[in-house]
Amino acid sequence: MTTLPSPAAAPPAPRDWRATAAASTTVVLWASAFVSIRSAGDAYSPGALALGRLLAGSLALGTLLLVRREGLPSRAAWPGIAWSGLLWFGLYMVVLNWGEQQVDAGTAAMVVNIGPLLIALLGARLLGEGLPRRLVLGMAVSFAGAAVVGLSMSGHGGSSVLGVLLCLLAAVAYAGGVVGQKPALRHGSALQITTFGCLAGTVACLPFSGALVSDAADAPLSATLNMVYLGLFPTALAFTTWAYALARTTAGRMGATTYAVPALVVLMSWLLLDEVPAPLTVGGGLLCLAGVAVSRMRPRTGPRPGAPAPAVEGLRHDAGDPAADRS
């Protein structure tokens with residue numbers, strides 16, 4: 001019986017540039033949120049800031065949903081919507097705002113960056129995504145970079161046990177919300193899942209309505225505008241582009257992309273707030289970006305260049321070949 005060489009391995013499918021652009025948009029806007037929170041957080045309490053941000057985001061998302069006439073997602077999407085809405089849009093935003101009032105920015109960055117690691121572990125455990133070697137290596141490099149950035153930005157005596165615990169709770173809520181959102185995206189569009197998740201978070205934050213009204217009466221216009229910006233762009237737009245990209249990749253890989261945020265925060269603070277970063281901070285930011293690049297690399301497929309193609313046993317010649325074996 002004769003053997004034939006196997007056909008050349010098919011090239012890997014090209015990347016979806018729209019998903020890459022969506023993920024990049026999310027990372028840039030989430031980085032800008034840290035700059036805006038510094039202004040709004042001085043005038044608004046944690047719960048009031050979260051509610052105001054969510055109200056602005058819900059209004060923008062609801063309007064867009066009506067214009068596009070997408071309607072309601074299927075019933076199967078609602079558990080994930082509720083889970084992500086309560087944990088990520090609600091609890092995460094409140095406790096992160098509160099935690100950043102108790103600890104310095106560097107400590108908060110280090111603790112909250114446990115979130116992507118938790119996403120990868122929960123995704124592997126609950127969603128069956130696995131832990132590819134490149135993802136683990138890239139996340140380790142990025143986490144080291146985030147720790148360097150955090151240490152370089154940490155003040156002295158500005159941290160508290162309560163603040164660290166709040167940031168840790170924010171990281172857990174963030175990870176749980178992402179893992180809960182991923183299955184919902186199989187049953188609804190990115191806009192649907194984001195809109196109703198944001199609405200769920202808004203409802204959960206309604207007890208802070210009194211604080212929002214009180215703070216808004218005394219807040220300067222710049223702080224209120226920053227709160228509205230947080231709702232329209234880092235919330236409404238960035239969470240939608242996040243959901244779009246998440247629907248097209250794994251939760252662990254999407255979580256790893258957020259390690260680019262500390263590097264962008266350093267750059268934005270330099271450009272917009274005239275905060276010149278220390279060399280150690282710059283080095284940590286570069287480590288973050290390098291880790292993201294490693295985590296998003298695709299494994300090589302197909303035979304190595306110059307390697308002989310493996311033979312496939314048991315394949316016969318075409319029927320039209322007069323030399324074909326007969327059994």
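Residues numbered from 1 in each chain as written. Predicted model: local features only at pLDDT ≥ 70, side-chain atom pairs only at ≥ 80, totals over all residues. Heavy atoms only, no water.

S.K.: What should I look at first to understand the confidence of the model for the chain in this one?
M.R.: Averaged over the chain, the pLDDT score is 80; the fraction of residues at 70 or greater is 77%. Confidence over residues 6-13 falls short of pLDDT 50; this stretch has eight contacts with residues more than four positions distant or in other chains. Per-residue pLDDT stays below 50 along residues 307-327; that stretch engages in 20 contacts with residues further than four places along the chain or on separate chains. (pLDDT = per-residue confidence, 0-100. Contact = heavy atoms within 4.5 Å.)

S.K.: Can you walk me through the side chain of Thr-241 in this structure?
M.R.: Tracing the backbone shows Thr-241 in helix H10 (residues 221-246). Of the residues examined, Thr-241 reaches a relative accessible area of 15% and is grouped as buried. Within the local environment of Thr-241, its side chain forms a polar contact with the side chain of Thr-26, the two groups lying 2.6 Å apart. For Thr-241, the contacting residues outside a window of four places in its chain are Ala-22, Thr-25 and Thr-26. (Helix = DSSP H or I, 4+ residues; strand = E, 2+ residues; numbered from the N terminus. Buried < 20%, exposed > 50% of the residue type's maximum accessible area, 1.4 Å probe, protein only. Polar contact = N/O pair within 3.5 Å; in protein donor to acceptor, adjacent residues only side chain to side chain.)

S.K.: Please clarify how the pattern of salt bridges should be interpreted in this entry.
M.R.: Close approach of charged atoms allows side chains of opposite charge to pair. Summed over all chains, the structure comprises one salt bridge. Between Arg-68 and Glu-70 there is a salt bridge, with the nearest N and O atoms lying 2.8 Å from each other. Owing to a relative accessible area of 23%, Glu-70 belongs among the partly exposed residues under this scheme. (Salt bridge = Lys/Arg side-chain N within 4 Å of Asp/Glu carboxyl O.)

S.K.: Looking at this model, I keep getting lost on the packing of helix H2 (residues 46-68) against H10. Mind explaining?
M.R.: Geometry of a packed helix pair, given as the angle between the helix axes and the separation of the axes. Two numbers describe how H2 lies on H10: the axes approach to 7 Å, and their chain directions differ by 55°. The angle between H2 and H10 falls in the class oblique. The hand of the H2/H10 crossing is right-handed. In this structure, H2 uses Ala-48, Leu-49, Gly-52, Arg-53, Ala-56, Gly-57, Ala-60 and Leu-61 to contact H10, whose residues at the interface are Met-227, Val-228, Leu-230, Gly-231, Leu-232, Pro-234, Thr-235, Ala-236, Phe-239 and Thr-240. (Axes fitted to C-alpha atoms, helices over the stretch in contact; angles between N-to-C directions. Parallel < 35°, antiparallel > 145°, perpendicular 65-115°, else oblique. Left-handed = near helix turned anticlockwise from the far one by under 90°.)

S.K.: Honestly, the nonpolar core in this entry has me stumped. Any pointers?
M.R.: Counting residues in hydrophobic clusters, the biggest one holds 72 residues, and the most contacted among them are Tyr-44, Trp-88, Tyr-92, Val-178 and Trp-242. Sequence-distant contacts of Val-178, defined by excluding residues within four places in its chain, comprise Trp-88, Ile-119, Trp-242, Leu-246 and Ala-251. (Core = buried A, V, L, I, M, F, W, Y, C linked by side-chain atoms within 4.5 Å.)

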